[in-house]
Amino acid sequence: MSDFVIRQYHAEDQQDVIDLWARCGLVAPQNNPKRDIERKLKVNPEWFLVGQFEDKVIATCMAGYEGHRGWINYLAVAPEYRREGFATQIMREAERILRDAGCPKINLQIRTSNAAVIEFYKAIGYNTDDVVSMGKRLEHDRLDKGE
């Protein structure tokens, strides 16, 4: 794992990142990954982390903080590199960034059907909060056929 480097996202990573997210099941019809990347690059772009191993993008993590709670989005590790500690490493870096920003607590959302990811987060110290997650779309991102 000494060849694993966590760094800030670069524009030339876009297609590798989108391909990784697709392989990890993170691309959904209501979430256009190009638009999600563009949005993140407007707010704390340095908190968009990419994990690189042997010159390949194998992991990502977006961290955010609005002054009350931190958020984690798009944590992904290429399927063939799972269970090797890469997700834990990139999460620890995201946690460090948020802690350094004064963030007191991190929230994240996981699809209830994704039992393996729920177990991963539990293993690194996350707990289920007794809350209802709600959302409202302000923009409707349909995934275009050409994207």
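Residues numbered from 1 in each chain as written. Predicted model: local features only at pLDDT ≥ 70, side-chain atom pairs only at ≥ 80, totals over all residues. Heavy atoms only, no water.

### Digging into the sheet that holds strand 2 (residues 48–53)
Which entries qualify depends on this criterion: Strands pair, by our definition, only if DSSP identifies at least two bridges between them. The helix and strand labels rest on DSSP assignments: H or I over at least four residues marks a helix, E over at least two residues marks a strand, and numbering proceeds from the N terminus. Between the N-to-C directions of two axes lies an angle of 0 to 180 degrees, each axis being a line fitted to C-alpha atoms and, for a helix, fitted only over the stretch in contact. The contact definition used throughout considers only heavy atoms, calling two residues in contact when any of these lie within 4.5 Å.
The mixed open sheet is built from 5 strands, whose spatial order is 1-2-3-4-5. If you trace the sheet from one side to the other, it starts and ends with strand 1 (4–8) and strand 5 (106–108), each paired once. When the angles between neighbouring strand axes are averaged without regard to direction, this sheet yields 25 degrees. Across 6 bridges, strand 2 lies against strand 3 (residues 56–65) in antiparallel orientation. Note on strand 3: the bridge partner recorded for F53 is K56. On top of the sheet, helix 1 (residues 14–23) reaches strand 2, strand 3 and strand 4 (70–77); it is set at about 90 degrees to strand 3, its chief contact.

### Quick notes on unusual backbone geometry
Short version of the rule: Buried residues are those whose accessible area, probed at 1.4 Å on protein chains only, stays under 20% of the maximum for their type, while exposed residues exceed 50% and partly exposed ones sit between those limits.
Phi at N44 is positive, roughly 50 degrees, even though this residue is not glycine. A positive phi is found at D55, a non-glycine position, where the angle reads about 65 degrees. Counting through the fold element by element, D55 comes out in the loop between strand 2 and strand 3. When its relative accessible area of 74% is taken as the criterion, D55 is described as exposed.

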